[in-house]
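Listed here are the chains, written in short residue letters.
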Amino acid sequence: MSKLNQKTLIHHQTLLSPLQCDLFEQHQVKVWIKRDDLNHPTIQGNKLHKLKFNLKQAEQENKDTLLTFGGAYSNHIAATAAAGQAFGFKTIGLIRGEELANRPETWSRTLHEAQANGMRFIFLSREAYRRRHDPQFLMTLQQTHPSAYLLPEGGTNLLAVQGFQTLSEDLEAQCPAWNQLYTAVGTGGTLAGLARYSQPAPERRIFGVATLKESRYLLPEIRRYIDSDIHWQLLETYHAGGYAKTDAATQASSDWFETTFNISLDPVYTAKMVHAFIDRLRHNQIPPGSRIILYHSGGLQGRV
Ligand SMILES: *Cc1c(COP(=O)(O)O)cnc(C)c1O
């Protein structure tokens, strides 16, 4: 834990790189990508922003363990394990799928790496996992693990949302005239953080690209973190069949982007974000003259 004091989570500003190609020129838009996939060697992308104030809070509360929830492919599980390793916390992952218990040969690379970073797993049946937000269940869990700091699935809470202030300020400084921002949405914490701390402007729009099916239920959750009148919107039709699923159109946009710009995307999140942007551009839904930021939220650890 003391490591957190010595090696406080210093904010390193990542590049905002311009992207140039014929397609963007034809549509007369300027495009940049914010390279937060390069912000930390092990706690990559948006997860670093979401964890940093939670780690400080855990330390303040004298907790020596981080306890959280996730599926076998969760970037949040990977990031929590890596953060524990880097900053001296024990980590416990409550993982969906009791069939994985004692069968490491069936585990994802994410689980193997989390375990290599010291995470201990408790595998839950789907039925038990469904109680992950239930206050009674969480209270019992806290009593069983009194020295644990509990993080929700996906890591979204107020401290996580507050972690996006420095990122928003970076973007403001690096490209004050941006008027569209695209980011991938899982729980919506990242979208909420970017919307909460970006300066509202008449032409400015923040687009969250939902990566899960039927993500409408996130709207009130996201809204409750935002008190300015910034325009933001959840694009709900680019989930490509649901979490960790893809389709030919999404795959084509992702392949095109990776070869054109030599930047890797992950299939769960950033590929869908990029596809939403390209698709809207091709359908003339983005006005000429727009200055667009694509937020690369990381997630490359999940690629196989
Ligand atoms: C976790 C994750 C997201 C989703 O973030 P939320 O704050 O849960 O919406 C987006 N992109 C990547 C790469 C992620 O790992």
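See the structure shown above.
From a predicted model like this one, the values you see are computed outputs, not experimental measurements. (Residues numbered from 1 in each chain as written. Predicted model: local features only at pLDDT ≥ 70, side-chain atom pairs only at ≥ 80, totals over all residues. Heavy atoms only, no water.)

Caption draft 1: The arrangement of the packing of aromatic side chains in detail. With the rule as written, the count across this model stands at twelve aromatic pairs. On the numbers, 6.4 Å between centres and 75° between planes, the contact of Phe-69 with Tyr-129 is edge-to-face. Highlighted residues: Phe-69 in strand β3 (residues 65-70) and Tyr-129 in helix α6 (residues 126-129), separated in sequence by 60 residues. For Phe-69, a relative accessible area of 2% translates into the label buried. Ring centres 5.6 Å apart and planes at 55° place the aromatic pair Phe-121 and Phe-123 in the tilted group. We classify Phe-121 as buried; its relative accessible area is 14%. With a relative accessible area of 17%, Phe-123 lands in the buried category. (Phe/Tyr/Trp six-rings, centres within 6.5 Å; stacked < 30°, edge-to-face > 60°. Helix = DSSP H or I, 4+ residues; strand = E, 2+ residues; numbered from the N terminus. Buried < 20%, exposed > 50% of the residue type's maximum accessible area, 1.4 Å probe, protein only.)

Caption draft 2: Quick look at unusual backbone geometry. Backbone geometry places Gln-28, a non-glycine residue, at a positive phi of 55°. With respect to the helices and strands, the residue Gln-28 is situated in the loop between α2 (22-26) and β2 (30-35). You can call Gln-28 exposed: its relative accessible area is 54%. In this model, Asn-62 sits at a positive phi of 60°, which is unusual for a non-glycine residue. Position of Asn-62 among the secondary structure elements: in the loop between α3 (46-60) and β3. Using a relative accessible area of 63% as the deciding quantity, one classes Asn-62 as exposed.

Caption draft 3: Local environment of the packing of α3 against helix α4 (residues 75-87). Look at α3 against α4: their axes get within 10 Å of each other, and the N-to-C directions meet at 50°. Relative to α4, the element α3 is oriented oblique. Crossing hand, α3 versus α4: right-handed. Of α4, the residues touching α3 (which contributes Lys-47, Leu-51 and Leu-55) are Asn-75, His-76, Ala-79, Thr-80, Ala-83 and Phe-87. Partitioned by chemical class, the residues of the contact of α3 with α4 number five nonpolar, three polar and one charged. (Axes fitted to C-alpha atoms, helices over the stretch in contact; angles between N-to-C directions. Parallel < 35°, antiparallel > 145°, perpendicular 65-115°, else oblique. Left-handed = near helix turned anticlockwise from the far one by under 90°. Contact = heavy atoms within 4.5 Å. Nonpolar A, V, L, I, M, F, W, Y, C, P; charged D, E, K, R; others polar.)

Caption draft 4: Local environment of the environment of Trp-178. Looking at the secondary structure, you find Trp-178 in the loop between α9 (165-174) and β7 (180-185). A relative accessible area of 2% means that Trp-178 is categorised as buried. As a C-alpha pair, Trp-178 and Ala-201 span 23 residues in sequence and 9.8 Å in three-dimensional space. Once residues lying within four places of it in the same chain are set aside, the contact partners of Trp-178 are Leu-171, Glu-172, Ser-198, Arg-204, Arg-205, Ile-206, Arg-291 and Ile-293.

Caption draft 5: Structural view of the site of the ligand. Around the ligand sit 15 residues in total, of which Lys-47, Lys-50, Thr-187, Thr-190 and Ser-297 are the nearest. Within the backbone of Gly-186, a nitrogen or oxygen atom sits 2.8 Å from an oxygen atom of the ligand. For the ligand, an oxygen atom lies 2.8 Å from a polar atom in the backbone of Gly-188. Expressed as a share of its isolated accessible area of 390 Å², the protein-covered part of the ligand is 97%. Classifying every residue of the shell around the ligand gives three nonpolar, ten polar and two charged. (Near = heavy atom within 4 Å. Polar contact = N/O pair within 3.5 Å; in protein donor to acceptor, adjacent residues only side chain to side chain. Areas by Shrake-Rupley, 256 points an atom, 1.4 Å probe, with all protein chains shown as cover.)

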